[in-house]
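In case you want the letters, here they are:
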Amino acid sequence: MEKVVNKRIRTEEVGADNEVGVKNNWLMRICNWVIDASLVLMVFGVPLFFLNKTFQGIIFEKQMYFYVLVLVALVFWALRGVVAGEMRIKRNPLDLPIVATIVIAFLTAILSVDKWHSFWGSFGDPSRGFIGLLALVVVFYLILERVQTNKIKLFAGALLGANFLVAVWALVSVLNLGFVPQILAKNIPVNLIGSFTGMVIFISIMIPVLMGLFLKIGESVENKIARTAGQAFVAISTILNLFLLLTFYSFISLSIWIALLAGVAFFLIYILANVVKVKKYSNSWFLMAVFVVLMVLFMGGKSMNISKIQLPAEVSLDYKISWQIAKESIKDNFFFGSGQATYGYDFSAHKPQEFNLNSLFNLRFYQGTGILFESLATVGAVGTFFMLVLILSFIGASIYFISLEKERDKIYSLTFLSAAMVFLINLFSSRMEGSVFLIGALICALSLAILMKEGPIKENFINFSLKASPKFALTLALIFMVVSASVIFLFVFVGKVITADIYAGMAGKNKVDDGSMNKMVQAINLYSFESRYYTALSQINMVLANDEALNGAENKDVNKIQNYLNNSILAATKAKEKSAQDVSTSEALAQIYDNSGYYVANSFQLALESYQKALDLEPHNPSLLVKMGQIKLNQVAGEKDVEAKKKLVSEARDLFQKAVDEKVNFAQAYYQLALAKDALGEVDGAIESMTNALTIERDNASFIFNLARLYQERGKGDDSKTAESLYAYILSGNDKDVNTHFSLGMLYEKTNRRDEAVKEYRRVIELLPASTSRDASSMQGGPNESEQAIKQVQKMISNIQAGIENTPESLSAEPDTAPVAEPATDSAVAPVTE
């Protein structure tokens, strides 16, 4: 039997390396070796690869690594075709679904709201783009052709090695073991996969792989020492994975547990039902032990916290919100959706109002929870249909192949199919980031290739032979030149993209200065298609403008500030042009105008227009409404006509009210609404709104202070007592708050408690020169202003002691004394009533 198997392996090698009878051709062998090496490095390197230098992060880095290897394999596949005189594609049950899916993906990219990102992929995670899908198809057919019986263990070993290194490093990092050199701890990410949710999905996928490899080593390795060592290594890797599941328990959702247990159960059922034959059942104890441990972890692992470092919180959309977004997106574009990799657009446009009740309501999600909901939004009903056909065809063909001829050795097939099942269940039930998506897709490709190799499936190829006539030699040469030129172009392009992102990463990680601005400009010069680079450049210029403005009246360079602002606006405008349907670009432009002040003509109006555009793209965003309302209030200072001022404040009030309607627990909106109502003389309404703000954020000192001020302003019934108690509450926590002491002194003076008023004013004088409390700058902008404020307060004390009421007239009796400023109210608006 062993001789027969060996003969079959040798025959496969000849068939793979000498496709058209070219024996011992060294160039053919080199081409095949490079293709095989590229595929194995994909399986080994995607979980491990990182640069930790880029702007977009580790998932982007893995995707670029994947593209480089795809291009290497593709150019050598074309070269092999020239040498052999023909090009071959292995037929499989997924041919038609794959072609249909690619065609639909191309159409959705053409019709997309953001064509470039639909082709290339979204910022930070390009895996959903058309190019990423096309690369996966190329790799699928290469794996299908190159996986031979004697090479399966190479892929299995690569996956095993990658899992071990990922698990060991994660364990060392979360346990904070001190023996790791500082340079490694600083430069290697704690999590090599990406997110911790992605990490637990990867671990879940690997559990069936480890179970199958333990079984396979026990049956196929004859040498006892090698067999024991191999199984020990697999057992250690399994223990590491199980320990990490316990460590990252808080990141494992119920759907991930269901996927893991379903995949393990699938593996065990086929073993126990003898559909896949096992020669040595003595190795089955390991399988049952893993299953039992998983059940124990599932039932009781939640109470244990092993990590020695603070793990980050991760959030994702729940199924209800994801379904609502998908449903509303389908109404907009039923057939083709918004375009591949544009889920961020769909989320902003169609997120329901109830999402604002979440404390993280300002987050934007660029991937849905579950590929079904994401696909409905991005590629529409047509794209989703063909995606489902492709996945169901894979599942159906795989189960059919695994169930044929039970006497064959199909442990590898069952191993990779079980892992693929875990991946597919997670694909439909969890948010799937690019790194895990790539790993899962590679495992699915390996699964079908191994099933077709280990099963009784007759190999069938599509042959493109150019040897029939010499006149086709030119055609073959042309094909090779076109493929080679395309690959070289893509190599250069991918290289420029990686280099650009490294420059952008350097600009983002270093201190903001002219050097960081220059690095971002270099990034844009290399890769000008990415709108986020322009947004980042605009923000860098804005920071530089603010830094220059803070140098003081004598030292700041106005021309420099103006130049930075002009560059900032230019970059933000360019970002908006490149991604017109991305709400973040409109919002960034609005923020630039908003912060430009008097340096940019008509900046308030331009900011309002940009915020309105952002609001059109994200209609349920209450923060945008608040920003627009604040701009309306800022415009009041530039108006001289009372009616015009009233109109602006009324418009601001209406915007704040809309923000409250969108998010009923939005404290800042209630706060701004109270200030606007107060400016319009609606003191009762202002008190109600400020009370609502304080109910939501009970410890906010600004809210407490302004509520006290409003009660003091109204002065009905027990309002003065209420205001006094609120001031006292603030001072109990911070006795150095100048504004509170000053306001309390005014309250005491108004209620004829003159001695207490004098005491509070004297306390203000004590605190004023060194005050760093909230809004002290409103009474103290510099040494001269501080001295004027002290003289002001001294005059008030003198007036009280002389029995003179402190009024604007009495305080302005001496021309050298500046009038007392109203107590700071955190953006309070001056009354506009007549």
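Quick caveat: nothing in here was measured; it's all calculated off a predicted structure.

A look at the overall build of the protein chain
A count of helices and strands for the protein chain gives 34 helices and two strands. Projected onto the principal axes, the alpha-carbon positions of the protein chain cover approximately 115 × 65 × 50 Å. Burial statistics for the protein chain: of 834 residues in total, 54% are counted as buried. The contacts of the protein chain with a sequence gap of at least 6 include a subset with a gap of at least 24, amounting to 74%. Just so you have it, the protein chain exposes about 37000 Å², and 60% of that area is on carbon and sulfur atoms.

Some details on a nonpolar patch on the surface
Together, Val-99, Val-103, Phe-106, Leu-107, Ile-110 and Leu-111 line one region of the surface with nonpolar side chains, adding up to about 480 Å² of accessible area. Following the sequence through the fold, Val-99 ends up in helix H4 (residues 95–110).

Quick notes on the packing of aromatic side chains
In this structure the tally under the stated criterion is 41 aromatic pairs. A ring pair is formed by Trp-120 and Phe-493, whose centres lie 5.3 Å apart and whose planes are at 90 degrees; its orientation type is edge-to-face. With Trp-120 in helix H5 (residues 115–120) and Phe-493 in helix H19 (residues 473–509), this pair connects stretches of sequence that are 373 residues apart. Looking at Trp-120, the relative accessible area reads 6%, which means it is buried. Residues Trp-285 and Phe-286 carry aromatic rings whose centres are separated by 5.8 Å and whose planes lie at 85 degrees to one another, so their mutual orientation is edge-to-face. Cation over ring: Arg-88 sits above Phe-461, and NZ or CZ is 3.7 Å from the ring centre. A cation over a ring is seen here: Arg-128 above Phe-437, with NZ or CZ 5.4 Å from the ring centre.

Looking at the environment of Leu-570
Inspection of the secondary structure assignment puts Leu-570 in helix H22 (residues 558–578). Taking the relative accessible area as the measure of exposure, Leu-570 reaches 60% and is therefore exposed.

Details of unusual backbone geometry
The phi dihedral of Asn-52 is positive, around 60 degrees, even though this residue is not glycine. Among the structural elements, Asn-52 can be located in the loop between helix H2 (26–45) and helix H3 (58–84). One non-glycine residue, Ala-341, lies in the positive phi region at around 60 degrees. Inspection of the secondary structure assignment puts Ala-341 in the loop between helix H13 (319–332) and helix H14 (343–350).

Structural notes on empty space enclosed by the protein
For the structure on display, the rule yields three cavities of 30 Å³ or more. For the largest cavity, the calculated volume is near 830 Å³. The wall of the largest cavity is formed by 35 residues, among which Leu-133, Leu-136, Met-387, Leu-390 and Phe-437 lie closest to the centre. The set of elements that each furnish at least two residues to the lining of the largest cavity consists of H4, helix H6 (130–146), helix H15 (371–378), helix H16 (380–403), helix H17 (411–429) and helix H18 (434–454). Ranked by residues supplied to the lining of the largest cavity, first place goes to H18 with six residues.

A few points about the environment of Leu-96
Relative to the helices and strands, Leu-96 resides in helix H4. Separated by 20 residues in the primary sequence, Leu-96 and Trp-116 have C-alpha atoms spaced 27 Å apart.

Some thoughts on H13
A rise of 1.5 Å per residue sets the reference length of H13, with its 14 residues, at 20 Å; its end C-alpha atoms lie 20 Å apart and thus fit the reference within 8%. All of the buried residues along H13 are Ile-321, Ser-322, Gln-324, Ile-325, Ala-326, Ser-329 and Ile-330. Where H13 is buried, its residues touch H14, H15 and H16. The opening residue of H13 is Asp-318, an N-cap whose side-chain oxygen sits 3.2 Å from the backbone nitrogen of Lys-320.

Regarding the side chain of Gln-635
Inspection of the secondary structure puts Gln-635 in helix H25 (residues 622–636). The contacts of Gln-635, once residues within four sequence positions are left out, are Phe-604, Gln-605, Leu-608 and Leu-648.

Quick look at the packing of H13 against H15
At their nearest, the axes of H13 and H15 sit 8 Å apart, and the two run at 25 degrees to each other. Judged by the angle between their axes, H13 and H15 are roughly parallel. Seen from above, H13 lies across H15 with left-handed handedness. On H15, the residues that touch Tyr-319, Ser-322, Trp-323, Ala-326, Ser-329 and Ile-330 of H13 are Phe-373, Leu-376 and Ala-377. Residues of the contact of H13 with H15, tallied by class, amount to seven nonpolar, two polar and no charged.

Focus: the pattern of salt bridges
A full pass over the atoms with the stated rule returns 26 salt bridges. For Glu-405, the salt bridge identified is with Arg-408, shortest N-O distance 2.7 Å. Arg-408 gets classed as partly exposed once you look at its relative accessible area, which sits at 25%. Ionic pairing is found between Glu-459 and Lys-453, a salt bridge with its closest N-O pair at 2.3 Å. What makes Lys-453 buried here is its relative accessible area of 5%. Residues joined in a network through salt bridges with shared partners are Asp-36, Arg-146 and Lys-151.

Topic: the nonpolar core
Soluble, globular proteins show a tendency: their nonpolar side chains are buried together. Formed by 237 residues in total, the largest nonpolar core has its most connected members in Phe-66, Ile-143, Phe-248, Leu-294 and Met-520. The leading source of residues in this core is helix H9 (residues 196–220), at 16 residues. Dropping the residues within four chain positions of it, Phe-248 is found in contact with Ala-170, Val-174, Phe-196, Met-199, Val-200 and Leu-311. By size, the runner-up hydrophobic cluster in this structure holds eight residues, among which are Leu-317, Ile-321, Phe-355 and Phe-365.

Side note on the side chain of Ser-531
Within the secondary structure, Ser-531 is located in helix H21 (residues 531–549). Overall, the relative accessible area of 0% leaves Ser-531 in the buried class. Sequence-distant contacts of Ser-531, that is, excluding residues within four places in its chain, are made with His-117, Ala-575, Lys-578, Ser-579 and Thr-585.

Section: the confidence of the model for the protein chain
When the pLDDT values of the protein chain are averaged, the result is 88; 90% of them are 70 or greater. Here residues 1–24 is modelled with pLDDT under 50, and outside its nearest four sequence neighbours on either side it reaches 31 contacts, counting other chains as well.

Here is what the cut-offs are and how they apply
Residues numbered from 1 in each chain as written. Predicted model: local features only at pLDDT ≥ 70, side-chain atom pairs only at ≥ 80, totals over all residues. Heavy atoms only, no water. Helix = DSSP H or I, 4+ residues; strand = E, 2+ residues; numbered from the N terminus. Buried < 20%, exposed > 50% of the residue type's maximum accessible area, 1.4 Å probe, protein only. Contact = heavy atoms within 4.5 Å. Areas by Shrake-Rupley, 256 points an atom, 1.4 Å probe, with all protein chains shown as cover. Patch = residues over 30% accessible without salt bridge, like charges linked within 9 Å, V, L, I, M, F, W, Y side chains within 5 Å. Salt bridge = Lys/Arg side-chain N within 4 Å of Asp/Glu carboxyl O. Phe/Tyr/Trp six-rings, centres within 6.5 Å; stacked < 30°, edge-to-face > 60°. Lys NZ or Arg CZ within 6 Å of the ring centre and 35° of its normal. 1 Å grid on protein atoms, 1.4 Å probe; cavity = no way out; pocket = protein on both sides within 12 Å on 5 of 7 lines; lining within 4 Å. Points joined across faces, edges and corners; volume = space filled by probe spheres on them. Expected span 1.5 Å × (residues − 1). Polar contact = N/O pair within 3.5 Å; in protein donor to acceptor, adjacent residues only side chain to side chain. Axes fitted to C-alpha atoms, helices over the stretch in contact; angles between N-to-C directions. Parallel < 35°, antiparallel > 145°, perpendicular 65-115°, else oblique. Left-handed = near helix turned anticlockwise from the far one by under 90°. Nonpolar A, V, L, I, M, F, W, Y, C, P; charged D, E, K, R; others polar. Core = buried A, V, L, I, M, F, W, Y, C linked by side-chain atoms within 4.5 Å. pLDDT = per-residue confidence, 0-100.

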